[in-house]
Amino acid sequence: MPSLNKNMNVSHTKFRPKQTLGQNFLLDENICRKITQAIAPGADDTIVEIGPGFGALTGDLLDSGARVIAVEIDRRLTAKLRQEFAGNDNFKLIENDFLKVDLQELQRGKQKLRIVGNIPYHITSPVMFKIFAVCHLVSDLTLMIQKEVAERIVAVPRTKAYGILSVFSQLYSEPKILFQVSRNVFKPRPDVESAVVKWDLTAARKFKITDEQLLRDIIKRSFNQRRKMLRKSLQQLPDFKEKIPALNFGLERRPEELTIDEFVDLSNQLASA
Ligand code: SAM
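Residues numbered from 1 in each chain as written. Predicted model: local features only at pLDDT ≥ 70, side-chain atom pairs only at ≥ 80, totals over all residues. Heavy atoms only, no water.

Chemist: Help me understand the pattern of salt bridges, please; the structure alone is not making it clear to me.
Modeler: Think of it this way: side chains of opposite charge can pair up when their charged atoms draw near. Applying the stated rule across the entire model yields 16 salt bridges. Where glutamate 29 meets arginine 33, a salt bridge forms, and the shortest distance between an N and an O atom there is 3.6 Å. Of this pair, glutamate 29 and arginine 33 both sit in helix H2 (residues 29-39), four residues apart, roughly one helical turn. For arginine 75, the salt bridge identified is with glutamate 95, shortest N-O distance 3.1 Å. One end of the pair, arginine 75, is in helix H4 (residues 75-85); the other, glutamate 95, is in strand E4 (residues 91-95), and 20 residues separate them in sequence. Residues joined in a network through salt bridges with shared partners are Asp45, Arg114, Asp140 and Lys198. (Salt bridge = Lys/Arg side-chain N within 4 Å of Asp/Glu carboxyl O. Helix = DSSP H or I, 4+ residues; strand = E, 2+ residues; numbered from the N terminus.)

Chemist: What am I meant to see in the sheet that holds strand E2 (residues 46-50) here?
Modeler: Think of a sheet as strands paired side by side through backbone hydrogen bonds, with each pair either parallel or antiparallel. Taken in spatial order, the seven strands line up as E4-E3-E2-E5-E6-E9-E7 in an open sheet, and their pairing is mixed. Each of the sheet's edge strands pairs with one partner strand only, and the pair in question is E4 and strand E7 (174-181). The mean inter-strand angle of the sheet, taken between neighbouring strand axes irrespective of direction, is 20°. Pairing analysis gives five bridges linking strand E3 (residues 67-72) to E4, with the strands arranged parallel. (Pairing = 2+ DSSP bridges. Axes fitted to C-alpha atoms, helices over the stretch in contact; angles between N-to-C directions.)

Chemist: Which parts of the structure should I look at to understand the environment of valine 138?
Modeler: You can see valine 138 is positioned in strand E6 (residues 138-146). Ignoring anything within four residues of it in the chain, the contact list for valine 138 reads Lys112, Leu113, Ile115, Ile131 and Leu201. (Contact = heavy atoms within 4.5 Å.)

Chemist: Looking at this structure, how should I read the side chain of serine 194?
Modeler: Mapped onto the elements of the fold, serine 194 is located in strand E9 (residues 194-200). Here the side chain of serine 194 touches tyrosine 121 through a polar contact of 2.5 Å, side chain to side chain. Discounting residues that sit within four places of it in the chain, serine 194 has contacts with Tyr121, Met144, Ile145, Gln146, Lys147, Gln180, Val181 and Phe186. (Polar contact = N/O pair within 3.5 Å; in protein donor to acceptor, adjacent residues only side chain to side chain.)

Chemist: How should I be thinking about the environment of isoleucine 115 in this particular structure?
Modeler: Relative to the helices and strands, isoleucine 115 resides in strand E5 (residues 113-118). According to the relative accessible area criterion, isoleucine 115 is buried, its value standing at 0%. Expressed as a C-alpha distance, the spacing of isoleucine 115 and aspartate 140, which sit 25 residues apart in the sequence, is 6.3 Å. Setting aside residues no more than four positions away along its own chain, isoleucine 115 makes contact with Val48, Ile50, Phe98, Leu103, Ile131, Val138, Asp140, Leu141 and Thr142. (Buried < 20%, exposed > 50% of the residue type's maximum accessible area, 1.4 Å probe, protein only.)

Chemist: For this particular structure, what's the right way to read the pairing of E3?
Modeler: Consecutive residues of a regular strand have side chains that alternate between opposite faces of the sheet. By the criterion of burial, E3 is predominantly enclosed, with six of the six residues buried. Residues Arg67, Ile69 and Val71 line one face of E3 and the alternating positions Val68, Ala70 and Glu72 line the opposite face, and both faces are buried. For E2 and E3, the ladder comprises five bridges, and the chain directions are parallel. Within E3, the position partnered with isoleucine 50 by the bridge is valine 71.

In short, the description is geometric, and any link to function would need to be established separately.
Following this line, the structure appears as structure tokens:
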């Protein structure tokens, strides 16, 4: 029997969750604590929480003394969050869509942001791509996501799970599945199992990339047609056909066969061809 999160006791009874906002609230205090322990917030940290809901994680994060910037889109919830946490000077609430928030504006000095959230699963990829686009601003990202997607993030080449999420994640960070979470600890209960994933951007491997935009483009185009050989899926890249003779690269392969180093190599060869 999970120990009920204190914010859920008072707030949840009359609330009608919106499926379109992926509102599956965490009920179990132990899971909330486990997530906070995995993040290990320090008093100097600035933590951006995506979708705090009723504040299941927010209270534990604030207890660490960290500055917490909570970004919640649902006005019914921001009203409750304000009541609950407004007295805490370390708490800041942004009533907005996280995907529209300018992360640079949240930074204090040069210190990097730490991002966390039990997020709606349908925004997992846009959240990841938003963070990778400003990777220099973020030290780590910890999210509760669908278990099957978590497995894709840490997947290795030549497996079914290996794809665009694996390549981008492993290019910009060291991703790890921290633990799995049963669907029974949420209300309403989701249809899928979950896992908590941490992307450590400070531990990312250092790649020498000549043209980052080109590399991103290659990864996206090749996985958009993952059954096709690279020679075919990349043919719309500017001047691709003309550059082929200058490449020392097996273009008969499919993207799922390529390691991250090989994507970088292909992109660097194309950039200088
Ligand atoms: N963190 C809370 C918890 O664990 O109980 C709530 C989790 S619930 C899965 C997702 C939360 O994200 C909801 O509160 C929802 O309103 C909010 N949300 C949905 N889309 C959002 C967006 N684009 N930006 C910010 N918050 C969003």
